[in-house]
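# What the coordinates show
Below are the chains, spelled out letter by letter.
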Amino acid sequence: MQGMGAKGSTAVRSALVYNECINESFVTTRSGVKIPRLLYGTAWKKERTTELVKLAVRQGFKGIDTACQPKHYSEDLVGQALEELEGEGISRASLFLQTKYTPERGQDPKRMPYDPKAPLPDQVAQSFETSTRNLRTDYVDSLVLHSPIEPYSDTLLVWRAMENIFDQKKSPTAWHQQYI
């Protein structure tokens, strides 16, 4: 690197830092939560969910993404996979588990995981209770808002309900997933 100007050595240092980062399996948040760079997504797996989650974990995935949205996800089968993996010596604590609260418009009206007539904060709490029951765990590592809600004030109500779950130490992270 001798003979490189200040700009050149900065670029090399940046490239080295970048390479270090992409070679890491986890990202650590400012609050110290370790999140795997890749999560195994469980949408649309249907009856093969248990088998495919176990295969993904055995192949090296350390994170699992699901949602309390029976229209597209089979959270109960993710829970079955977690239980079976535990029997194989792979602990729940060794995996990053992410679920989502999905607003009513994203749900199948025939298979609602919460009472759609309940106030939004209660819907979030009911959805989270359904998720933890389905997943056979008392906490998740990440709780995500699947999409924004109109009006914006309703999104804030849901967010506050998610913060309440966070405050109860049932999820160390809460996120908002936005589709643009």
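Residues numbered from 1 in each chain as written. Predicted model: local features only at pLDDT ≥ 70, side-chain atom pairs only at ≥ 80, totals over all residues. Heavy atoms only, no water.

## Observations concerning the confidence of the model for the protein chain
Per-residue pLDDT for the protein chain averages 86, and the proportion of residues at 70 or more is 82%. Residue range residues 11-19 is modelled with pLDDT below 50. Its contacts to residues more than four positions away, or to other chains, number 2 contacts. pLDDT under 50 marks residues 176-180. Its contacts with residues more than four places away, or in other chains, come to 11 contacts. (pLDDT = per-residue confidence, 0-100. Contact = heavy atoms within 4.5 Å.)

## What about the nonpolar core?
Judged by nonpolar contacts, the single largest core of 26 residues is most densely connected at Val53, Ile64, Val78, Leu97, Tyr101, Val124 and Val158. Taken together, the elements giving at least two residues each to this core come down to helix 2 (49-58), helix 3 (75-87), strand 5 (96-101), helix 4 (120-135), strand 6 (142-145) and helix 5 (152-167). If we ignore the near neighbours within four places in the chain, the residues touching valine 53 are Tyr40, Thr42, Ile64, Val78 and Ala81. (Core = buried A, V, L, I, M, F, W, Y, C linked by side-chain atoms within 4.5 Å. Buried < 20%, exposed > 50% of the residue type's maximum accessible area, 1.4 Å probe, protein only. Helix = DSSP H or I, 4+ residues; strand = E, 2+ residues; numbered from the N terminus.)

## Comments concerning the pattern of salt bridges
All chains considered together, the criterion is met by 7 salt bridges. For lysine 54, the salt bridge goes to glutamate 84, with nearest N and O atoms at 2.4 Å. With lysine 54 in helix 2 and glutamate 84 in helix 3, this residue pair connects regions lying 30 residues apart in the sequence. (Salt bridge = Lys/Arg side-chain N within 4 Å of Asp/Glu carboxyl O.)

## Notes on the environment of leucine 143
Summarising the element assignment, leucine 143 is placed in strand 6. Taking relative accessible area as the criterion, leucine 143 reaches 4% and is therefore assigned buried.

## Some thoughts on the packing of aromatic side chains
For the coordinates displayed, the defined rule picks out 2 aromatic pairs. Measuring from centroid to centroid gives 5.6 Å for tyrosine 40 and phenylalanine 61, while their planes differ by 65°, and the two rings are edge-to-face. Of the two residues, tyrosine 40 sits in strand 3 (residues 40-41) while phenylalanine 61 sits in the loop between helix 2 and strand 4 (63-65), which places them 21 residues apart along the sequence. A residue is classified by how much of its surface remains accessible, and tyrosine 40, at 15% relative accessible area, is buried. When its relative accessible area of 28% is taken as the criterion, phenylalanine 61 is described as partly exposed. Aromatic pair tyrosine 101 and tyrosine 114: ring centres 5.5 Å apart, planes at 35°, arrangement tilted. Of the two residues, tyrosine 101 is situated in strand 5 and tyrosine 114 in the loop between strand 5 and helix 4; the sequence distance between them amounts to 13 residues. Like tyrosine 114, tyrosine 101 is buried. Above the plane of the ring of phenylalanine 26 lies lysine 34, whose end atom (NZ or CZ) is 4.6 Å from the centre. Directly above the aromatic system of tyrosine 139 lies the positively charged group of arginine 92, at a separation of 4.2 Å from the ring centroid. (Phe/Tyr/Trp six-rings, centres within 6.5 Å; stacked < 30°, edge-to-face > 60°. Lys NZ or Arg CZ within 6 Å of the ring centre and 35° of its normal.)

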